[in-house]
Amino acid sequence: MIPIDETPLTRDGKVLILAYDHGLEHGPADFTGLPESADPARTFEAATHPAVTSIAVQKGIAEAYYPSYDDATDLLLKLNGTSNLWMGEPDSSVNCSVEYAHDIGASSVGFTLYGGSNKEVEMTEEFRAIQEDARAHDMPVVMWSYPRGQGLKNDTKSDVIAYASRLALELGADVAKVKYPGSKAGMEHAVQMAGKTKVVMSGGSKTSDREFLESVKAVIDAGGKGLAVGRNVWQRENPTQILDALEKVIFEETTVDAALDA
Ligand code: FBP
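Before going into details, it helps to say that this report is about the structure given with it. Note that the structure is a prediction, hence the values are computed from the model and not measured.

1. A word on the site of the ligand
Okay, so step 1: Every one of the 16 residues lining the ligand counts as a neighbour, but His-26, Tyr-146, Lys-177, Lys-179 and Arg-231 are closest to it.
Okay, so step 2: In the model, an oxygen atom of the ligand is placed 2.5 Å from a nitrogen or oxygen of the His-26 side chain.
Okay, so step 3: Between the ligand and the protein, one listed contact pairs an oxygen atom with a side-chain N or O atom of Tyr-146 at 2.5 Å.
Okay, so step 4: Protein coverage of the free-state accessible area of the ligand, which is 470 Å², stands at 91%.
Okay, so step 5: For the shell around the ligand, a count of residues per class yields four nonpolar, six polar and six charged.

The structure is reproduced here in structure tokens:
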């Protein structure tokens, strides 16, 4: 098994995944504020920024666009995903195998687990197969660890996020992508529960530069290893500008003021 810090998913032990699977997960609604953001090539261009360690997309986008960017970006193939049209208990269909992801050039894979959903058992069994296949191909595994479902009233509560990061460690993920629990203390708890699994924050819906960067800074100060972000980058008119600031906060560990002043 190649140590994760020797794979392209990380830079200096940190992670900045640019997620672009929203066309499946949320649908065209996410692109209406900035119609050019519907073009996957625009986000692949953004992913050539040196701050971005990997771009996370579904199989169809990878097949159609990654060949034009394979020398300038690193591919994380998101193996499962469901549309917003689905109205059942949180679940996610497996849309790509590890072998196929490997064959089309991915260096790592991603999988959503909805702990607490009525589908948790089936999803965890799917994860087992994927995690073992990924190990066989020396590909790091990122878990989108999102507890949700009938029984969960508040899926960003600190205890819930700490459980999410622990699930990732217990089940063998290299990186746990979790929602921001609202405070540095909450993130510290999640980091502590994750052990050797790296914890990264899930970007969330678009906010102001300062609010967004303050939450990223809190994650880094809490021992988190970075970010997996979508809308807060590609819904902006200038993705490069926010990526420059993220590079400072995550990799250079500057203050938010210093990142915004640069
Ligand atoms: P954002 O930074 O835009 O929140 O993207 C992260 C992500 O996990 C995407 O990979 C995914 O499409 C989306 O959020 C799912 O969000 P949710 O299930 O909370 O609607």
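2. A closer look at the sheet that holds strand β6 (residues 108-113)
Okay, so step 1: On the basis of which strands lie adjacent, the closed barrel formed by eight strands has the order β1-β2-β3-β6-β7-β8-β9-β10 and parallel pairing. Across the sheet, the axes of successive neighbouring strands diverge by a mean angle of 25°, strand direction being ignored.
Okay, so step 2: Pairing geometry for strand β1 (residues 15-19) and strand β10 (residues 226-229), over four bridges, is parallel. Among the inter-strand pairings, Leu-16 is bridged to a residue of β10, identified as Leu-227.
Okay, so step 3: Against the sheet, helix α5 (residues 120-136) contacts β6 and β7 (141-145), and its axis sits at roughly 170° relative to β6.

Cut-offs and rules
Residues numbered from 1 in each chain as written. Predicted model: local features only at pLDDT ≥ 70, side-chain atom pairs only at ≥ 80, totals over all residues. Heavy atoms only, no water. Near = heavy atom within 4 Å. Polar contact = N/O pair within 3.5 Å; in protein donor to acceptor, adjacent residues only side chain to side chain. Areas by Shrake-Rupley, 256 points an atom, 1.4 Å probe, with all protein chains shown as cover. Nonpolar A, V, L, I, M, F, W, Y, C, P; charged D, E, K, R; others polar. Pairing = 2+ DSSP bridges. Helix = DSSP H or I, 4+ residues; strand = E, 2+ residues; numbered from the N terminus. Axes fitted to C-alpha atoms, helices over the stretch in contact; angles between N-to-C directions. Contact = heavy atoms within 4.5 Å.

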